[in-house]
Amino acid sequence: MTMRSPLARVLGHGSAKEGVHHWWVQRLTSVALVPLTVWFVVSVLSLPSLDHATVSAWVGQLWTAVFLILFVLTAAWHSQLGVQVVVEDYVHGSGTKTLALSLVTFFHVVVAVAGVLAVLKVALGGAP
Amino acid sequence: MTERPLSPHITVYRMYRYTLLTSLLNRATGLVLSAGLILLVYWLVAIASGPAAYRGAHELLSRGVLKAVYGILLAAFSYHLFAGIRHLIWDTGHGLERAQSKRSAALVAIASILLFAGLAWWALHSGAHAP
């Protein structure tokens, strides 16, 4: 008879449905990206001009800003999950792998923050 | 670390199999789109930096080399979109039979080529992007 509690026996030994988290978020972001990417591509191609006045007026519209922020965040998140798997599959050696995964994460956070802040700046009228 | 057998031993697969090709393309186009994210954010930051800064960025982004890059991005988007939808349908447990999978691979190829052709035509003919 073991003196270990049932909790101690299972702790750290696997999934409490956390194993599917990566998979699930990748699916969730991909579903969201279907309308968001189509909206973005169609909107940019529909712009009458790409000069500063036109694009900043477009970004400054409330719903454009909302969808742009959602697009940047969702795309960065989905990209992070995807690139992470590629690194895990093809980069070997634990040191190199950890370094590569860290850089991938930092890169995506920077991209997401810069993108969101840029949109907010234009939308809130802070752009010169 | 002990050497253990690893799963994706890419060299043992027959490269001409459509299963490998479609999967590899989905990854490759995903990576291309991740790189495209840098261009998107660079553009947004340029817009937020004002007309003077934007002019320089616009000049850079309008270069001929980058037009080829936009073509690659549109192609990658067209493929990744439909290949991703195919994966989402698989996730519901449907379409996994060999014949169905073969048919959906062909459908993805046709749909992505058509979408890319349409988007490329639009990009070349819309006023904003004419040189």
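No experiment lies behind these values; they were computed from the predicted model shown. (Residues numbered from 1 in each chain as written. Chains lettered and ligands numbered in written order. Predicted model: local features only at pLDDT ≥ 70, side-chain atom pairs only at ≥ 80, totals over all residues.)

Peer 1: Would you explain the overall build of chain A in this entry?
Peer 2: Regarding its fold elements, chain A presents five helices and zero strands. Each helix and strand of chain A, ordered N terminal to C terminal, gives the series α-α-α-α-α. On C-alpha atoms alone, chain A measures out to a radius of gyration of 21 Å, which is more than a quarter above the 14 Å that the 2.2 N^0.38 rule sets for 128 residues. Of all 128 residues assigned to chain A, the portion counted as buried reaches 21%. Of the contacts formed within chain A by residues at least 6 apart in sequence, a portion of 71% connects residues at least 24 apart. (Helix = DSSP H or I, 4+ residues; strand = E, 2+ residues; numbered from the N terminus. Rg over C-alpha atoms; globule rule 2.2 N^0.38 Å. Buried ≥ 20, exposed ≤ 12 C-beta atoms within 10 Å, placed from the backbone. Contact = placed C-beta atoms within 7 Å.)

Peer 1: Looking at this structure, I do not really get the overall build of chain B. What am I missing?
Peer 2: Helices and strands together make up the secondary structure of chain B, namely four helices and zero strands. Along its sequence from the N terminus, chain B presents helices and strands in the succession α-α-α-α. Taking all 131 residues of chain B together, 21% fall into the buried category. For chain B, the share of sequence-separated contacts (at least 6 apart) that also reach a separation of at least 24 residues comes to 71%.

Peer 1: Whenever I open this one, the interface of chain B and chain A confuses me. Can you help?
Peer 2: Accessible area lost when the parts come together is the quantity often used to give the size of an interface. Contacts between the two partners involve 30 residues from chain B, matched on the other side by 33 residues from chain A. Sorting elements by how many residues they give to the side of chain B that touches chain A places helix H1 (residues 18–48) of chain B first, with 12 residues. Residues of the side of chain B that touches chain A, tallied by class, amount to 21 nonpolar, seven polar and two charged. (Nonpolar A, V, L, I, M, F, W, Y, C, P; charged D, E, K, R; others polar.)

Peer 1: It is not clear to me how the confidence of the model for chain B should be interpreted in this structure. Could you clarify?
Peer 2: Low pLDDT means the predicted coordinates in that region are not meant to be read closely. Of all residues in chain B, 84% attain a pLDDT of 70 or more, and the chain-wide mean is 90. This prediction of the complex comes with two scores: 0.87 for pTM and 0.87 for ipTM. (pLDDT = per-residue confidence, 0-100.)

Peer 1: What should I look at first to understand the environment of B:Val32 in this one?
Peer 2: All names here are of chain B. With respect to the secondary-structure elements, Val 32 resides in helix H1. Taking the C-alpha atoms as reference points, Val 32 and Ala 53, 21 residues apart in sequence, are found 26 Å from one another. Setting aside chain neighbours within four positions, we find Val 32 in contact with Ile 72, Leu 73 and Ala 76.

Peer 1: Please explain the nonpolar core as it appears in this structure.
Peer 2: Inside soluble globular proteins, nonpolar side chains tend to come together where they are buried. Residues A:Val59, A:Val72, A:Ala118, A:Val119, A:Val122, B:Leu44 and B:Ile47 are the most contacted members of the largest nonpolar core, which totals 23 residues. Those elements giving two or more residues to this core turn out to be helix H2 (21–46), helix H3 (52–60), helix H4 (62–90) and helix H5 (94–123) of chain A together with H1 of chain B. Looking at this core element by element, the count peaks at seven residues for H1(B). Ignoring any residue separated from it by four or fewer positions in sequence, one finds B:Leu44 in contact with A:Gly115, A:Ala118 and A:Val119. (Core = buried A, V, L, I, M, F, W, Y, C linked by C-beta atoms within 7 Å.)

Peer 1: Even after reading the chapter, I still don't get the packing of H3(A) against H4(A), so can you show me in this structure?
Peer 2: If you want to describe how two helices pack, look at the angle between their axes and the distance between the axes. Residues and elements named next belong to chain A. Contact geometry for H3 and H4: axes closest at 5 Å, N-to-C directions at 80 degrees. Judged on the interaxial angle alone, H4 and H3 are roughly perpendicular. Across from Trp 58, Val 59 and Gly 60 in H3, the residues of H4 making contact are Thr 64, Ala 65 and Leu 68. For the contact of H3 with H4, the residue count by class is four nonpolar, two polar and no charged. (Axes fitted to C-alpha atoms, helices over the stretch in contact; angles between N-to-C directions. Parallel < 35°, antiparallel > 145°, perpendicular 65-115°, else oblique.)

Peer 1: What should I look at first to understand the environment of B:Trp43 in this one?
Peer 2: Residue and element names in this part refer to chain B. Checked against the element boundaries, Trp 43 lands in helix H1. With 20 C-beta atoms counted inside 10 Å, the residue Trp 43 sits in the buried group. In the structure, Trp 43 is positioned 10 residues away from Leu 33 in sequence and 15 Å away in space, judged by C-alpha atoms. The contacts of Trp 43, once residues within four sequence positions are left out, are Ala 57 and Leu 61.

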